[in-house]
Amino acid sequence: MLLLLKEMKSDKITKIGDVEIKGDVILAPMAGISDSPYRQICREAGSAFAYTEFVSTDGISHGSKKSIDLFRFSNAERPIFFQIFGNKLEVITEAAKIIEELGPDVIDMNMGCSVAKVAHKGSGAGMLRDPVNTGKIIESVRKAVNVPVTAKIRIGWDHQNLNYREMVHVLQESGIQAISVHGRTKSMAYTGLADWKIISEIKSFAKVPIFGNGDILSYKQAKERIAESGVDAVLIGRAAIGNPWIFSGIDKENVSFSEIKNMIVYHLNLMLEFYGSPFGLLLFRKHVSKYLKGYFGVSELRNKLVTSDNVDAFLGYLSEFNPDVTRSESQEFANEMLSCETYLN
Ligand SMILES: Cc1cc2nc3c(=O)[nH]c(=O)nc-3n(C[C@H](O)[C@H](O)[C@H](O)COP(=O)(O)O)c2cc1C
């Protein structure tokens, strides 16, 4: 139990099939970040449901243990959305049947990954280029499984092909039960800004729940986006890395350095339990550097922590550290060129 996070009570309930979503601010799916330990922390902090990282349907249908392992989860994370990506109807349908056995509440189809080796092969955002075939895929998956099927899209391939109206229409006709919209095109990758006008427009005509996504930096901003656009909920990605407090309505600026240290230890322990030692520690490096982001006076500590491959040494560096730190003025929690690409190799 995390005492440092107080769960925000929200009365809002969105239904996806029979699945009830309580609350409206959610940790976005992020390969290499939204694994079971971090999903548990964010659910405890107030994220309304949990999305897995995206997993290849080719890997699933070939029985790849690595792919299947990405779906390990704990019941505390429920409702849990399993996210998949792929480009072949038969393979995707087969993979959906396989993963349904693992007990997800919802299966989500990734139609937003912009990385060339995914999107240029017709997977991820590549699905936006062929709405008719994508519709057939969703129809086929819907028939094959008993859990609700949702999709996460971008607004189009590029600004010459902003086909979100057609896409949403086709997806709805095919039986999709909710749509998350990252308000950028595939070509934008992570540049420019998400187009919240388009997200509002989609919400105004869609018949299924819409979750808006892109560039949200705080809980307050999340609530403003919901109020302005009318979306049923929002997803927060980059600004939530190293900052689970965002789901509790607490600004990281108001979190003391000792609370940050406690969270680091708590998160690390979950990672070690889940992945074993020292692998859990190695995977934790990207998180720890984000927990420390926004502070002056921590660079030496950060260097020691992100190079340590020994848990005792890591914990020693952390506890010895005398927090004479100040907040950095520029908060760059969100504007980094991180993407799922980093984790596809
Ligand atoms: C490191 C990283 C990994 C991501 N992996 C996924 C993924 O597996 N599935 C997905 O649908 N989106 C993925 N995304 C996209 C995010 O879910 C989200 O749409 C995007 O970051 C925009 O939201 P933000 O501005 O709040 O970060 C990833 C983003 C990042 C930064």
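Residues numbered from 1 in each chain as written. Predicted model: local features only at pLDDT ≥ 70, side-chain atom pairs only at ≥ 80, totals over all residues.

A.B. asks: Is there a simple way to explain the packing of helix H8 (residues 196–205) against helix H9 (residues 219–229) in this structure?
C.D. replies: Packed helices, taken two at a time, are described by the angle their axes make and the gap between the axes. The N-to-C vectors of H8 and H9 enclose an angle of 50°; their axes lie 9 Å apart at closest approach. Regarding the angle of H8 to H9, the classification is oblique. Facing H8, whose interface residues are Trp 196, Ile 199, Ser 200 and Lys 203, H9 presents Arg 225, Glu 228 and Ser 229. Of the residues that constitute the contact of H8 with H9, the class distribution is 2 nonpolar, 2 polar and 3 charged. (Axes fitted to C-alpha atoms, helices over the stretch in contact; angles between N-to-C directions. Helix = DSSP H or I, 4+ residues; strand = E, 2+ residues; numbered from the N terminus. Parallel < 35°, antiparallel > 145°, perpendicular 65-115°, else oblique. Contact = placed C-beta atoms within 7 Å. Nonpolar A, V, L, I, M, F, W, Y, C, P; charged D, E, K, R; others polar.)

A.B. asks: I keep staring at the domain arrangement of the protein chain and nothing clicks. Help me out?
C.D. replies: By convention, interface size is frequently given as the accessible area that disappears when the constituent parts associate. Taken domain by domain, the protein chain holds domain 1 (13–250) and domain 2 (256–327). A separation of 30 Å is found between the C-alpha centroids of domain 1 and domain 2. Domain 1 puts 7 residues into the contact, and the matching count from domain 2 is 9 residues. Residue classes in the side of domain 1 that touches domain 2 are distributed as 3 nonpolar, 4 polar and no charged. (Domains from an automatic or database assignment.)

A.B. asks: What should I look at first to understand the confidence of the model for the protein chain in this one?
C.D. replies: Close inspection of predicted coordinates is inappropriate in any region flagged by low pLDDT. In this model, the protein chain carries an average pLDDT of 92, and 91% of its residues clear a pLDDT of 70 or more. Below a pLDDT of 50 lies the segment residues 329–338, which in the model reaches 14 contacts outside its immediate sequence neighbourhood of four places, other chains included. (pLDDT = per-residue confidence, 0-100.)

A.B. asks: Explain the pairing of strand S7 (residues 149–156) here, please?
C.D. replies: Every other side chain in a regular strand lies on the same face of the sheet, so the side chains alternate between the two faces. Among the 8 residues in S7, 8 count as buried, and that is most of the element. By the bridge criterion, 5 bridges tie strand S6 (residues 106–111) to S7 in an arrangement that is parallel. Note on S7: the bridge partner recorded for Ile 107 is Val 149. As defined by bridge partners, S7 adjoins strand S8 (residues 179–185) across 5 bridges and the pair is classed as parallel. Paired with Lys 152 across the bridge in S8 is Ser 180. Read from S7 through helix H7 (residues 164–173) to S8, the crossover connection turns out right-handed. (Buried ≥ 20, exposed ≤ 12 C-beta atoms within 10 Å, placed from the backbone. Pairing = 2+ DSSP bridges. Right-handed = clockwise from strand over helix to strand, strands pointing away.)

A.B. asks: Explain the pairing of strand S9 (residues 210–213) here, please?
C.D. replies: Where burial is concerned, the two faces of S9 agree: the one with Ile 210 and Gly 212 and the one with Phe 211 and Asn 213 are both buried. Handedness of the crossover joining S8 and S9 through H8 is recorded here as right-handed.

A.B. asks: Just checking my understanding: could you explain unusual backbone geometry for this structure?
C.D. replies: Look at the link from Arg 78 to Pro 79: it is a cis peptide, with omega at -5°. Position of Pro 79 relative to the elements: it lies in the loop between helix H3 (65–69) and strand S5 (80–85). With an omega dihedral of 5°, the bond running from Ser 277 to Pro 278 counts as a cis peptide bond. Mapping Pro 278 onto the fold places it in the loop between helix H10 (257–275) and helix H11 (279–291). Of note, the phi angle at Ala 189 is positive, near 50°, even though the residue is not glycine. Note on placement: Ala 189 falls in the loop between S8 and H8. Unlike most non-glycine residues, Asp 215 shows phi in positive territory, near 70°. Within the fold, Asp 215 resides in the loop between S9 and H9.

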